[in-house]
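The lines below spell out each chain.
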Amino acid sequence: MIPAMVKRGYDKGFASALVASAATTDVLIPPSVAFVVYGVITETSIGGLFAAGIIPGLIMGIALLIPVYLISRNTDGVETAGERKEKFGRLSKKLFGVCWPPVIILGGIYGGIFTPTEAAVVAVFYGFLVGVLIYRNLSLKELYAVLRDSAVSTAVVMIVVAFAGIFAWTGSLWGSWTGRPKPF
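Each chain has its residues counted from 1, following the order in which its sequence is written. Selection of residues for local features in this predicted model requires a pLDDT of at least 70, selection of side-chain atom pairs for listing and counting requires 80 or more, and totals for whole chains, interfaces and linings are taken over all residues. Calculated side-chain values reflect all of the structure's heavy atoms, with hydrogen atoms and water omitted.

J.: Outline helix α2 (residues 12–22), supporting the account with residue identities and numerical values.
T.: Exposure classes here rest on a 1.4 Å probe applied to the protein chains alone. A residue is buried below 20% of its type maximum, exposed above 50%, and partly exposed in between. Strands are runs of DSSP state E lasting at least two residues, helices are runs of H or I lasting at least four, and both sets are numbered from the N terminus onward. Looking at α2, one finds that the buried residues are Phe14, Ala15 and Leu18. Take α2 and look down its axis: the buried residues cluster within an arc of 100°, on one side only. Facing away from the buried side of α2 by over 90 degrees, the exposed positions are Lys12 and Ala20. Residues are treated as being in contact if the distance between any of their heavy atoms lies within 4.5 Å. Residues of α2 that are buried in the fold lie against α1 (2–7) and α4 (46–72). Each direction from the helix axis to a C-beta atom contributes to the arc, which is the arc of those directions.

J.: Run through a nonpolar patch on the surface, naming residues and quoting values.
T.: A cluster of nonpolar side chains, namely Ile29, Ile55, Leu58, Ile59, Ile62, Leu65, Ile66, Tyr69 and Leu70, defines an oily patch on the protein surface of about 890 Å² accessible area. Tracing the sequence through the fold places Ile62 in helix α4. Patch membership requires over 30% relative accessible area and the absence of a salt bridge. Like charges are linked within 9 Å, and nonpolar side chains (Val, Leu, Ile, Met, Phe, Trp, Tyr) within 5 Å. Per-residue and other accessible areas follow the Shrake-Rupley method at a 1.4 Å probe size, with only the shown protein chains counted as cover for residues. A pair is scored as a salt bridge if a Lys or Arg side-chain nitrogen falls within 4 Å of a carboxyl oxygen belonging to Asp or Glu.

J.: Account for the packing of α2 against α4, with residues named and values stated.
T.: Remark: α2 packs on α4, axes separated minimally by 11 Å, with the N-to-C direction vectors making an angle of 170°. When the interaxial angle is binned, α2 and α4 end up roughly antiparallel. When you trace α2 past α4, the crossing you get is left-handed. Residues Phe14, Leu18, Ser21 and Ala22 of α2 touch α4, and the partners they reach there are Leu64, Val68 and Ile71. Gly falls in the polar group here, along with every residue not listed as nonpolar (Ala, Val, Leu, Ile, Met, Phe, Trp, Tyr, Cys, Pro) or charged (Asp, Glu, Lys, Arg). Taken together, the residues of the contact of α2 with α4 sort by class into six nonpolar, one polar and no charged. For helices, the fitted axis covers only the stretch in contact; all axes are lines through C-alpha atoms, and the angles between them, taken along N-to-C directions, range from 0 to 180 degrees. Any angle from 65 to 115 degrees is called roughly perpendicular, while one under 35 is roughly parallel, one over 145 is roughly antiparallel, and all others are oblique. Should the near helix be turned counterclockwise from the far one by less than a right angle, the crossing is left-handed, whereas a clockwise turn marks it as right-handed.

J.: Break down the nonpolar core for me, citing the residues and quoting the values.
T.: To define a nonpolar core, start from buried Ala, Val, Leu, Ile, Met, Phe, Trp, Tyr and Cys residues and group those joined through side-chain atoms within 4.5 Å. Counting nine residues, the largest nonpolar core is built from Phe35, Ile46, Leu49, Phe50, Ile105, Leu106, Ile109, Phe114 and Ala119. Among the elements of the structure, α4 and α6 (100–110) are those that each provide at least two residues to this core. Setting aside its immediate chain neighbours within four residues, Leu106 contacts Pro30, Phe50, Ile54 and Gly111. Met5, Phe14, Ala15 and Leu18 belong to the second-largest nonpolar core, a separate cluster that totals five residues.

J.: Please provide a residue-by-residue account of the packing of aromatic side chains, values included.
T.: Between the rings of Phe, Tyr and Trp (Trp by its six-membered ring), a pair exists once the centres lie within 6.5 Å; its type follows the angle of the planes, with under 30 degrees stacked, over 60 edge-to-face, and the other angles tilted. The tally for this structure, following the rule as stated, stands at two aromatic pairs. Where Tyr10 meets Phe14, the ring centres are 5.9 Å apart and the plane angle is 15°; that geometry is what we call stacked. Here Tyr10 and Phe14 have matching classes, each one buried. Between Phe35 and Phe50, the ring centres sit 6.3 Å apart and the planes meet at 45°, which makes this aromatic pair tilted. Of this pair, Phe35 sits in helix α3 (residues 33–42) while Phe50 sits in helix α4; the two residues are 15 residues apart in sequence, bridging distant segments of the chain.

That's the geometry; what it means functionally is another story.
Here is the structure:
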């Protein structure tokens, strides 16, 4: 995002600070991988974690949006309001299919239609349909690359979850092995 913002006339430091600040909001906005991993490790309701993250995530987003709007409207070289409005109209048509996954995922979980795991499957299937039918930019070669990258990412997360489970199990049995209190 930084090169695109600099190209549009934003200061490089401002763009860097904005991207670094906005990067922390992805943990709070559902569907968050961090919430899923935390929920699995601690056996906490993932739906409850998603519900708990919506309001703080929106507050963080608005807290970033207001100063960015105020700063960027006074920046020289940044596109005018008319240009932004025209671009937003074109972009909103392109993004219509992309905006539905959170509605489907959260609506399905809170509506009791499916579990968080089933919601992930529905979201993947929806993303596949959007890529193949709406945007028509997902070939078989790219599909293979996406599946391979997904398998690697899933393996990494599952290794972390497995070692966290081993760590928790070791900690819970520490006292029975040594007769001493837990070290952590």
